[in-house]
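So the chains spell out like this:
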Amino acid sequence: PLEQWSSQKPLEQQTIFQLEENVATSRLSSVNIKNALTSVLSSPQIDPTDSVLQVEEFSDVGDGFVVVAFWSTGRIILVWDGRKHIDINLSTDAGNDDLADKFKDSILQQLTTVSVRLRDTQPRGIGRVVSYLKDMKTITSPIWA
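Basis of the calculations
Residues numbered from 1 in each chain as written. Predicted model: local features only at pLDDT ≥ 70, side-chain atom pairs only at ≥ 80, totals over all residues. Heavy atoms only, no water. Helix = DSSP H or I, 4+ residues; strand = E, 2+ residues; numbered from the N terminus. Areas by Shrake-Rupley, 256 points an atom, 1.4 Å probe, with all protein chains shown as cover. Pairing = 2+ DSSP bridges. Axes fitted to C-alpha atoms, helices over the stretch in contact; angles between N-to-C directions. Core = buried A, V, L, I, M, F, W, Y, C linked by side-chain atoms within 4.5 Å. Buried < 20%, exposed > 50% of the residue type's maximum accessible area, 1.4 Å probe, protein only. Contact = heavy atoms within 4.5 Å. Parallel < 35°, antiparallel > 145°, perpendicular 65-115°, else oblique. Left-handed = near helix turned anticlockwise from the far one by under 90°. Nonpolar A, V, L, I, M, F, W, Y, C, P; charged D, E, K, R; others polar. Lys, Arg positive; Asp, Glu negative; His and termini not counted. Salt bridge = Lys/Arg side-chain N within 4 Å of Asp/Glu carboxyl O. Polar contact = N/O pair within 3.5 Å; in protein donor to acceptor, adjacent residues only side chain to side chain. Expected span 1.5 Å × (residues − 1). Arc of directions from axis to C-beta.

(A) Highlighting the overall build of the chain. In terms of helices and strands, the chain carries four helices and six strands. For the chain, the succession of helices and strands along the chain, N to C, is α-β-α-β-β-β-β-α-β-α. When the accessible surface of the chain is split by element, carbon and sulfur atoms take 51% of a total near 8300 Å².

Following this line, the structure appears as C-alpha cells:
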C-alpha cells in the first residue's frame, strides 16, 4: 500500500455536476444553455485571458445537444437531454480546487431555474490515483505507514 500511495501523481481534478430544472414547465432551451455556458467560460475567473478557448457543439444527438470546450488549463463536456436535465463534466488542473465552485456558482446565476442534484469530485492522474493533490502536499508519509 505504501508503494502505491507514494507512486500517485494527481494531475487533474474531475468534477461531475448533474443539474435539474426545478419548475413544472421547462424554461430551458438550447439557446439559453449555450449562452450561459459561453458567458461562464468567458469570465476571467473561469478562463484566464492567456488561455485559448475552443468550443465544439454537437446537436445531432437525441433531443438535446453536447458541447465540448477546451482551454489551456481544463476542459468541459456539457450534455443536455433536451428537457430538464444537464450533465456537466469539468476537468481542471489538480491544484485548481476552487474552479469547480466558481463554475457552479456562475452557471447557476445564468440558469436560474436549475439546481445541483449531484456533485462528484475525484482526482485524476497516474499511479492509481486515489488522493487529491492538496492531501498529497500536506502529508509526507501516511500515518498508517
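(B) Structural view of the sheet that holds strand β3 (residues 65-71). On the basis of which strands lie adjacent, the open sheet formed by six strands has the order β2-β3-β4-β5-β1-β6 and antiparallel pairing. For this open sheet the edge positions go to β2 (54-58) and β6 (114-126), each flanked by a neighbour on one side alone. The average undirected angle you get between the axes of adjacent strands in this sheet is 10°.

(C) Representation of the nonpolar core. Of all hydrophobic cores here, the largest spans 24 residues; its most connected members are Ile33, Ile76, Leu78, Ile86, Ile88, Phe103 and Leu111. Going through the elements one at a time, β1 (9-21), α2 (30-41), β3, β4 (74-80), β5 (85-93) and α3 (99-110) are the ones with two or more residues in this core. Those residues in contact with Leu111 that sit more than four places away from it in its chain are Leu28, Asn32, Ile33, Ala36 and Ile86.

(D) Inspection of the packing of α2 against α3 at higher detail. Running from N to C, α2 and α3 cross one another at 140°; their axes reach a closest spacing of 9 Å. Looking at the two axes, α2 sits oblique to α3. In the crossing of α2 with α3, the sense of the turn from one axis to the other is right-handed. On α3, the residues that touch Ala36, Leu37, Ser39 and Val40 of α2 are Phe103, Ser106, Ile107 and Gln110. Considering only residue class, the contact of α2 with α3 consists of five nonpolar, three polar and no charged.

(E) The side chain of Glu21, seen in detail. Along the chain, Glu21 falls in strand β1. Buried and without a salt bridge, Glu21 has Lys84 as its closest oppositely charged side chain, separated by 5.3 Å. Engagement of the side chain of Glu21 in a polar contact is seen with the backbone nitrogen of Arg27, the distance being 2.9 Å. Here Leu28 takes part through its backbone nitrogen, which lies 3.3 Å from a polar atom of the side chain of Glu21. Contacts of Glu21, omitting those with residues within four sequence positions, involve Ser26, Arg27, Leu28, Arg83, Lys84, Thr113 and Val114.

(F) Inspection of the pairing of β4 at higher detail. Here β4 shows one buried face, formed by Gly74, Ile76, Leu78 and Trp80, and one open face, formed by Arg75, Ile77 and Val79. The sheet contact formed by β4 and β5 spans seven bridges and is antiparallel. Across the sheet, Ile76 pairs through a bridge with Leu90, a residue of β5. Connecting β4 to the antiparallel partner β5 that follows it, the hairpin turn spans four residues, and Gly82 within it adopts a positive phi of roughly 90°.

(G) Representation of α3. Compared with the 16 Å implied by 1.5 Å per residue over twelve residues, the 17 Å span of α3 between its first and last C-alpha is a close match. Residues of α3 that are buried include every one of Leu99, Ala100, Phe103, Ser106 and Ile107, and no others. Each buried residue of α3 lies within a common arc of 135° when the element is viewed along its axis, so the set occupies one face. In this structure, the buried side of α3 is in contact with β1, α2, β3, β4, β5 and β6.

(H) Layout of the pairing of β5. Sheet topology places β1 next to β5; nine bridges connect them, and they run antiparallel. Each bridged residue has a counterpart across the sheet, and for Thr15 the counterpart in β5 is Leu90.

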